[in-house]
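What the coordinates show
As a plain string of letters, each chain reads:
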Amino acid sequence: MANETVQIAGPVILLGPPGAGKGTQSKRIAERYGIPQISTGDLLRDHVARGTSLGLEAKAIMARGELVPDELMYGIVADRLRESDCRRGFILDGFPRTAAQAGWLDAFLEKEFFEKSLMCPPVVIQLVVDYTQLLLRITGRRSCPACGRLYNIHFQPPRVDELCDVDGSQLMTRNDDHADVITGRLSAYENQTKPLVEYFREQGRLTAVNADRTMDEVSAQVFGVIETHCAAYRPTA
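Residues numbered from 1 in each chain as written. Predicted model: local features only at pLDDT ≥ 70, side-chain atom pairs only at ≥ 80, totals over all residues. Heavy atoms only, no water.

Here we look at the overall build of the protein
Broken down by element type, the protein carries eight helices and seven strands. Taking 18 Å as the expected radius of gyration for a compact globule of 237 residues, we find that the protein reaches 19 Å, a close match to that expectation. Its C-alpha atoms give the protein principal-axis dimensions of about 55 × 45 × 35 Å. Taking all 237 residues of the protein together, 43% fall into the buried category. Considering only contacts within the protein whose residues lie at least 6 apart along the sequence, 70% involve residues at least 24 apart. Of the roughly 12,500 Å² of accessible surface on the protein, 52% is carried by carbon and sulfur atoms. Computed over 27 positive and 31 negative side-chain charges, the separation of the two mean positions in the protein equals 2 Å. (Helix = DSSP H or I, 4+ residues; strand = E, 2+ residues; numbered from the N terminus. Rg over C-alpha atoms; globule rule 2.2 N^0.38 Å. Buried < 20%, exposed > 50% of the residue type's maximum accessible area, 1.4 Å probe, protein only. Contact = heavy atoms within 4.5 Å. Areas by Shrake-Rupley, 256 points an atom, 1.4 Å probe, with all protein chains shown as cover. Lys, Arg positive; Asp, Glu negative; His and termini not counted. Charge placed at Lys NZ, Arg CZ, Asp CG, Glu CD.)

What about helix H7 (residues 179-202)?
For H7, spanning 24 residues, the distance from its first C-alpha to its last is 34 Å, which sits close to the expected 34 Å at 1.5 Å a residue. The axis of H7 is deflected most strongly, by about 40°, at Thr 193, and proline Pro 195 appears within four residues downstream. Burial in H7 covers these residues: Ile 182, Leu 186, Tyr 189, Thr 193, Leu 196, Val 197, Tyr 199 and Phe 200. Those residues of H7 that are buried lie in contact with strand E1 (12-15), helix H5 (99-112), strand E4 (123-128), helix H6 (131-139) and strand E7 (206-210). Just downstream of H7, Gly 204 is the residue with a positive phi angle, here 70°. (Expected span 1.5 Å × (residues − 1). Bend = angle between axes of the 7 residues up to and from the residue.)

Brief notes about unusual backbone geometry
Of note, the bond from Phe 95 into Pro 96 is cis; its omega dihedral lies within 30 degrees of zero at -5°. In this structure, Pro 96 sits in the loop between strand E3 (91-93) and H5. Although it is not a glycine, Glu 162 sits at a positive phi angle of roughly 65°. Examined against the element boundaries, Glu 162 turns out to sit in the loop between strand E6 (150-152) and H7.

Let's talk about the pattern of salt bridges
By the definition in use, this model includes 15 salt bridges. A salt bridge links Arg 28 to Asp 216; its shortest N-O distance comes to 2.8 Å. Of the two residues, Arg 28 is situated in helix H1 (residues 22-33) and Asp 216 in helix H8 (residues 215-230); the sequence distance between them amounts to 188 residues. Between Glu 162 and Arg 142 there is a salt bridge, and its shortest N-O distance comes to 3.4 Å. Of this pair, Glu 162 sits in the loop between E6 and H7 while Arg 142 sits in strand E5 (residues 141-143); the two residues are 20 residues apart in sequence, bridging distant segments of the chain. Just as Glu 162 is buried, Arg 142 falls in that class too. (Salt bridge = Lys/Arg side-chain N within 4 Å of Asp/Glu carboxyl O.)

Quick notes on the layout of surface pockets
Of the voids in this model, the second largest pocket is the one considered here, and its volume is about 430 Å³. What lines the second largest pocket is a set of 16 residues, and nearest its centre among them are Leu 67, Val 68, Met 73, Arg 97 and Gln 101. When residues of the lining of the second largest pocket are assigned to their parent elements, the largest contribution, four residues, is made by helix H2 (residues 40-50). (1 Å grid on protein atoms, 1.4 Å probe; cavity = no way out; pocket = protein on both sides within 12 Å on 5 of 7 lines; lining within 4 Å. Points joined across faces, edges and corners; volume = space filled by probe spheres on them.)

Focus on the side chain of Gln 101
Topologically, Gln 101 is positioned in helix H5. A residue is classified by how much of its surface remains accessible, and Gln 101, at 9% relative accessible area, is buried. Setting aside its immediate chain neighbours within four residues, Gln 101 contacts Asp 70, Tyr 74, Phe 95 and Pro 96.

Here is the structure:
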């Protein structure tokens, strides 16, 4: 149930490397404040599946093995953010990824939302996790192919090594969770996001949260940041 004491809650932008807990915290934010979690990957797949003009254009680009350009993604994101369930706030998942995208988002929100006093400015939260801890979180992940239950052999192991507690199935490791792969993923994330982090830091809009704690402790920190940030803002419509 949404928190009745907080009328607006964002936009919320969560930054953090793979394994930092962005997915978990995004879901908890969405549940607490009753705002949608918006994944640009899901949006892109939806447009392609529905055969919209944006989706057809994106499909043709991806079929050539090319990356979807920013201008096309801006149209897809803008289309979603104009929907009524975003009027009180939203959580962005996978966007912005670059300083250029962040600049576009700021300009779009300023024009479409802030002048109408519908929500507070974006709150940007960086989930900070020790590198060694990240490796343990990611390389320790296991999932049951039958029921989908998730485990971590270091922090939440199954009762029987490598077997699901529910149905006894052999647990699986995702290909991109192996140590040699994840090292490259973390390095790529760091290189890609550094300019974005600097963009928000220079504007004084970045709040770092220690994500090495338990999920509940991290959630408490995240909620505190959001509520402090938005306390001075009240919607007029």
